[in-house]
Amino acid sequence: MISRTWTRFRGSLDYYAAMYAVFVVGILIPVVMIVLALTGLPGPVTALLGILCAAVLFVLFAPTVPAEWREVVRSKPIVVRVLWSVAILLVVAVLARLTQFILDADNVDASLSADDDFLVKKTHLSGYISGAMMAEHEPGSLYDRHRYESPQADSVLPSVAPQDRDAYLYPPPFLLLPRLLLLFSHDFATLRALWYSLYVAIVLVAMFAIARWIGGRQGAVLAALTPVVWISLPTLATLQIGNIHVLVLYVGAVGAMVLFQLRRNIFGGAALALAIVAKVSPAILLVYLLVQRRWRPAVWTAAFCGLYSAATLAIFGWEPWRIFLSDGTWQRLASGEFHQFVLVERANQLVNYSPFGLPYKAEIIGWDIGDPTGPARLITNVYTLLLLILVAVTAVRIHRRVAAGAQGPRLRAEQLAIWLAVLTLGSFRAPFGPWVYIAVGAVWMLAVYAGLMRGGARTVALLTVAWLVVAVYNENVYFTLVGQTVIYVACFVVAWRASAGTEPDPAPRTDEPQAERVGAA
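Bear in mind the structure is a predicted one, so any value in this text is a computation, not a measurement. Each chain carries its own residue numbering, running from 1 in the direction its sequence is written. Local features in this predicted model are restricted to residues of pLDDT 70 or higher, and side-chain atom pairs are both shown and tallied only at a pLDDT of 80 or more, whereas totals for entire chains, interfaces and linings draw on every residue. Remark: hydrogens and water are excluded; side-chain values derive from all non-hydrogen atoms of the structure.

**Q** Could you clarify how one ought to interpret the overall build of the chain in this entry?
**A** Each helix and strand in the chain was counted, giving 27 helices and 0 strands. Computation of the radius of gyration draws on C-alpha atoms alone. For the globule rule, the value is 2.2 Å times the number of residues to the power 0.38. Over its C-alpha atoms the chain spans a radius of gyration of 24 Å, differing by no more than 12% from the 24 Å that the globule rule assigns to 521 residues. Seen through its principal axes, the chain has C-alpha atoms that stretch 85 × 60 × 50 Å. Taking all 521 residues of the chain together, the buried fraction comes to 53%. The helix and strand labels rest on DSSP assignments: H or I over at least four residues marks a helix, E over at least two residues marks a strand, and numbering proceeds from the N terminus. Burial classes follow relative accessibility: with a 1.4 Å probe on protein chains only, a residue under 20% of its type's maximum area counts as buried, one over 50% as exposed, and anything between as partly exposed.

Here it is, written out as structure tokens:
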């Protein structure tokens, strides 16, 4: 067995397979090291086991890299291949360094930016864990953000120092996930390291699995651009602060749609329902399914939403639901009233790429808006209407093409681009939609569309500029306005074009007489 594995490894190894393996091993081995460190093993033993795992994983993974994935990189100019290699090495180096900060929150020099208080102090997991414990001990204070900030919070909730405690701002069924994590430990530092490890491993495996599902050249391009998705600032920042968005909404909801395509409706329903009860906005995909008359996926999703809700009631009781429903918490969350304490700060107004935040940015520029909440709600309602129209049109177009016999990697990539565009736009429907983690969907979507585009150098340049604007951030109001406009336009345009079909125009027939072709021209 070992001899056969080694022979297979040697026979399939080339530079490109090796670089893919470096990317995977370089990301997963720090995760393995974290898990080993949590077991209490001595440092030298942890290091030795980490090296052994790295060698084994490299030998096992390199031969599994599809030939198309290698060829799509090999066929590019030398400059592209060098940049691709540099991106892989950068991701590995940054995440190896970030691992030190995850294991020790006092080691701020290992953070993505030691001078950025938001990145150093912010940890969304603290809100998830604190919410689950608050629901058990003081359910009446579940949505009282002041209780999380009070000096007495540590008497009920685990200490998260030196980082800041976040408040719980999610529907009651989402409490099930942090409650599951609490089965492993009540020490926040341990849970933070475990959460990061699970997050990184699941997202990496899921992204490559989805690229394999697409297949063909489109899947190969997406796989090759996965390191580029990871090196973007939104992805790295999301990994550090641990927000659930990318894991549950993008990977979870997109994975659910893939499972539906594979007729794994039960598993797909479970995944999409989890995304809905966590973030609500993925419910936009239910509209997509219903327009296509795909009843079974929709029914299974609704059934699991009910199951998660019932489990929440059984574990935490009625009080979290009473506060969320009867006291109008859900209305304040949806209207933006609950987020007013966030939106009054300039830094939050800038990072908020939601259409709800546009009047606040207009005030920063110097426009006299008065009370921005009225215009903000009107803009959001118009935005929602346009989004629903986009979902309905794209769903109908794809359904008709599938009914007409369309299939293959290109169609699957087009569907993935639509799902990511819709989920990204739906995420910005919330009153507070930070660039930090929502932009990951747009970055991933642009990587998908790169395998579909028809144009030449001009299209590549346009796509590159769009990626740069989306993947970086600057605390300048005009930059943020341009950035969110690029995301909106890119998502709408990509979804619209992908639904109509991106098949290249057929080349002219070479068997026609030259004079006839010239005359036709």
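**Q** What should I look at first to understand helix 26 (residues 477–500) in this one?
**A** Owing to its 3.6 residues per turn, the α-helix aligns residues three or four sequence positions apart on the same side. Taking 1.5 Å per residue as the helical rise, helix 26 with its 24 residues ought to reach 34 Å, and the 35 Å between its terminal C-alpha atoms agrees with that figure. Among all positions of helix 26, only Val477, Thr480, Gly483, Gln484, Ile487, Tyr488, Ala490, Cys491, Val494, Ala495, Ala498 and Ser499 are buried. In this structure Asn476 caps helix 26, since a side-chain oxygen of it lies 2.8 Å from the backbone nitrogen of Tyr478. Positive backbone phi, approximately 110°, marks Gly501, located one or two places after helix 26. Expected span of a helix: the number of residues minus one, times 1.5 Å. Pairs of N or O atoms within 3.5 Å make up the polar contacts considered here, provided that, within protein, one atom can donate a hydrogen while the other can accept it, and that residues adjacent in sequence are counted only when both atoms are side-chain atoms.

**Q** For this particular structure, what's the right way to read the pattern of salt bridges?
**A** Pairing is possible between side chains that carry opposite charge, provided their charged atoms lie close to one another. Only one rule defines a salt bridge in this text: a Lys or Arg side-chain nitrogen within 4 Å of an Asp or Glu carboxyl oxygen. A complete count under the given rule lists 10 salt bridges for this structure. Residue Arg147 pairs with Glu138 through a salt bridge whose shortest N-O separation is 2.9 Å. Assessed through its relative accessible area of 15%, Arg147 is described here as buried. A cluster of three or more residues bridged by salt bridges with shared partners is formed by Asp14, Arg70, Glu71 and Arg74.

**Q** Is there a simple way to think about the packing of helix 11 (residues 216–231) against helix 23 (residues 409–427) in this case?
**A** For any two helices packed against each other, the geometry is given by the interaxial angle and the distance between the axes. Helix axes are fitted only over the stretch in contact, all axes being lines through C-alpha atoms; the angle between N-to-C directions runs from 0 to 180 degrees. Contact pair helix 11 / helix 23: the axes reach a minimum separation of 6 Å and the direction vectors enclose 45°. With respect to helix 23, the axis of helix 11 lies oblique. Together, Gly216, Gln218 and Leu222 of helix 11 and Pro409, Arg410, Ala413 and Leu416 of helix 23 make up the contact between the two elements. Considering only residue class, the contact of helix 11 with helix 23 consists of 4 nonpolar, 2 polar and 1 charged. Our angle categories are set so that under 35 degrees counts as roughly parallel, over 145 as roughly antiparallel, 65 to 115 as roughly perpendicular, and the remainder as oblique. By the convention used here, residues are in contact when the closest approach between their heavy atoms is within 4.5 Å. Throughout this entry, Asp, Glu, Lys and Arg are counted as charged residues, while Ala, Val, Leu, Ile, Met, Phe, Trp, Tyr, Cys and Pro are counted as nonpolar. The remaining residues, Gly among them, count as polar.

**Q** Where do I start with a negative patch on the surface in this structure?
**A** The patches described consist of residues with a relative accessible area above 30% and no salt bridge, like charges being joined within 9 Å and nonpolar side chains (Val, Leu, Ile, Met, Phe, Trp, Tyr) within 5 Å. Throughout, the Shrake-Rupley method with a 1.4 Å probe supplies accessible areas, and for residues the shown protein chains are the sole cover considered. Two residue types count as positive, namely Lys and Arg, and two as negative, namely Asp and Glu; His and chain ends fall outside the count. Charge placement uses NZ in Lys and CZ in Arg. For Asp and Glu, CG and CD serve respectively. Residues Asp109, Asp115, Asp117 and Asp164 make up a contiguous surface patch of negative charge. Residue position: Asp164 is located in the loop between helix 8 (145–149) and helix 9 (176–181). Asp164 gets classed as partly exposed once you look at its relative accessible area, which sits at 45%.

**Q** Is there a simple way to explain the side chain of Ser197 in this structure?
**A** With respect to the secondary-structure elements, Ser197 resides in helix 10 (residues 188–214). Not counting chain neighbours up to four residues away, the residues in contact with Ser197 comprise Val31, Ile34 and Val35.

**Q** Help me out: how do you make sense of the packing of helix 14 (residues 265–279) against helix 16 (residues 295–316) in this one?
**A** The geometry of helix 14 relative to helix 16 is characterised by a closest axis approach of 7 Å and an angle of 55° between their N-to-C directions. Overall, the two elements helix 14 and helix 16 adopt an arrangement that is oblique. Along this stretch, helix 14 crosses helix 16, giving a crossing that reads as right-handed. In this structure, helix 14 uses Asn265, Ile266, Gly269, Ala270, Leu272, Ala273, Leu274, Ile276 and Val277 to contact helix 16, whose residues at the interface are Arg296, Pro297, Trp300, Thr301, Phe304, Cys305 and Tyr308. Across the contact of helix 14 with helix 16, the residue classes break down as 12 nonpolar, 3 polar and 1 charged. For any helix crossing, the convention is left-handed if the near helix is rotated counterclockwise from the far helix by under a right angle, and right-handed if that rotation is clockwise.

In short, shape yes, function no, at least from these values alone.
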